[in-house]
Amino acid sequence: MSAIAPQEVSATPPLPPAAALDEVLRHASPAEVIAAALKVVGREHLALVSSFGTESAALLKVMADVDSAIPVVFLDTGWLFQETLDYRDTLTRQLGLSDVRSIKPLEETLSREDPDKELWFSDPDACCRIRKVEPLARALKPFAAWINGRKRFQGGARVDIPVVEQDGARLKFNPFANVSPEEIEAIYKLGNLPPHPLVASGFLSVGCMPCTSRSEAGEDARAGRWRGRAKTECGIHTTPTS
């Protein structure tokens, strides 16, 4: 009897231009955007990247309703709040997510570039690079497109994000680009979604422990990230992944 050859992963399908997809989907609902991404790219070539932060459950719920087997990439930087790790596990169970991949920075990189674990203070851009940007690029290698949860109402560099954009050789889908805070609140309510445990303590946006603080009344939701610095993004949305 002849040996059975291992099953090969199908080749990446030809991808349409991001601008053309954006033109078609710019007024689509988040669920419609995710469904379109699945149809264009295919599940094995598509990933959703989630921080399991304060608004993440809404996007994960919409995705799960479309296809709960879409791979979810979670960047475990080594500096996350324990509450975030617990929240990841809670949402994974509640939403029935079947392929959550927790990606960590390489130990050899941490030992070489951040042996004293103080890079977050001396060079936060470098800290984000080795703990988030490089691990994400590694995690996305098998994929032709990815989904993220940025919203225009978050302000800063996110004000003008399209629904679909080019990310190097990949497509990048922003299904929540057009949503409002009220719409996100409605998704939480209708889906009976638990809030991130730190929201009750005044954290409106949660990242790594050393670079996250509470937001004051009237502040932008992301004001508590890298407080006192000009930095507003970690780099995964400003550096092409391929």
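Just so you know, the residues in each chain are numbered from 1, in the order the chain's sequence is written. Per-residue local features are limited, in this predicted model, to residues with pLDDT of at least 70; the limit for side-chain atom pairs, both in listing and counting, is 80 or more; totals at the level of whole chains, interfaces and linings are taken over all residues. For the side-chain quantities, the full set of heavy atoms in the structure was used; hydrogens and water were omitted.

(A) View of the sheet that holds strand S3 (residues 100-103). Across the sheet, which stays open at both edges, the six strands sit in the order S3-S2-S1-S4-S6-S5 with mixed pairing between neighbours. Here the strands that pair on one side only, and so sit at the sheet edges, are S3 and strand S5 (164-167). Here the strands of the sheet are splayed against their neighbours by 30 degrees on average, with no regard to which way each runs. Note: strand S1 (residues 46-49) against strand S4 (residues 145-147), three bridges, orientation parallel. Looking at the pairing, Ala-47 lines up with Trp-146 of S4. A pair of strands is considered paired only if DSSP assigns at least 2 bridges between the two. Per the convention used, a helix needs a DSSP run of H or I reaching at least four residues, while a strand needs a run of E reaching at least two, with both numbered from the N terminus. Lines are fitted to the C-alpha atoms to define the axes, a helix being fitted only along its stretch in contact, and any angle between axes, read from their N-to-C directions, falls within 0 to 180 degrees.

(B) Empty space enclosed by the protein, seen in detail. The distinction between a cavity and a pocket rests on a 1 Å grid over the protein atoms alone: a 1.4 Å probe fits inside a cavity but cannot get out, while a pocket stays open yet meets protein on both sides within 12 Å along at least five of seven lines, and a residue with an atom within 4 Å of a point counts as lining. Grid points are joined across faces, edges and corners, and a volume is the space filled by probe spheres set on the points. Considering all chains together, one arrives at three cavities of 30 Å³ or more under this definition. Put simply, the largest cavity is a space of about 600 Å³. Considering the residues around the largest cavity, the lining is formed by 35 residues, among which Ser-51, Ser-56, Arg-158, Arg-222 and Arg-225 are closest to the centre. Among the elements of the structure, helix H3 (56-67) and strand S2 (72-75) are those that each provide at least two residues to the lining of the largest cavity. All residues other than Ala, Val, Leu, Ile, Met, Phe, Trp, Tyr, Cys, Pro, Asp, Glu, Lys and Arg, Gly among them, are scored as polar; the first ten of these are nonpolar and the last four charged. The residue inventory of the lining of the largest cavity, partitioned by class, reads 14 nonpolar, 13 polar and eight charged. Looking at the second largest cavity, its volume works out to about 130 Å³. The leading source of residues in the lining of the second largest cavity is helix H7 (residues 124-139), at five residues. Split into classes, the residues belonging to the lining of the second largest cavity amount to eight nonpolar, two polar and three charged.

(C) Highlighting the packing of helix H2 (residues 30-41) against H3. Two elements in contact, H2 and H3, have axes whose closest approach is 9 Å; the angle formed by their N-to-C orientations is 50 degrees. Overall, the two elements H2 and H3 adopt an arrangement that is oblique. Of the two elements, H2 crosses H3, and the hand of that crossing is right-handed. Seen from H2, the contacting residues are Pro-30, Ala-31, Ile-34, Ala-35 and Leu-38; seen from H3, they are Leu-59, Val-62, Met-63, Val-66 and Asp-67. Looking at side-chain class alone, the contact of H2 with H3 contains nine nonpolar, no polar and one charged residues. For classification, angles of less than 35 degrees are called roughly parallel, those exceeding 145 degrees roughly antiparallel, those between 65 and 115 degrees roughly perpendicular, and all remaining angles oblique. Left-handed describes a crossing whose near helix is turned anticlockwise from the far helix through less than a right angle; right-handed describes the clockwise counterpart. Note on contacts: a residue pair is in contact if any heavy atoms of the two residues lie within 4.5 Å.

(D) Structural detail: the confidence of the model for the chain. When pLDDT is averaged along the chain, the result is 90; 95% of the residues meet or exceed 70. Values of pLDDT, which run from 0 to 100, indicate the predictor's confidence residue by residue. pLDDT under 50 marks residues 1-9. Its contacts with residues more than four places away, or in other chains, come to two contacts.

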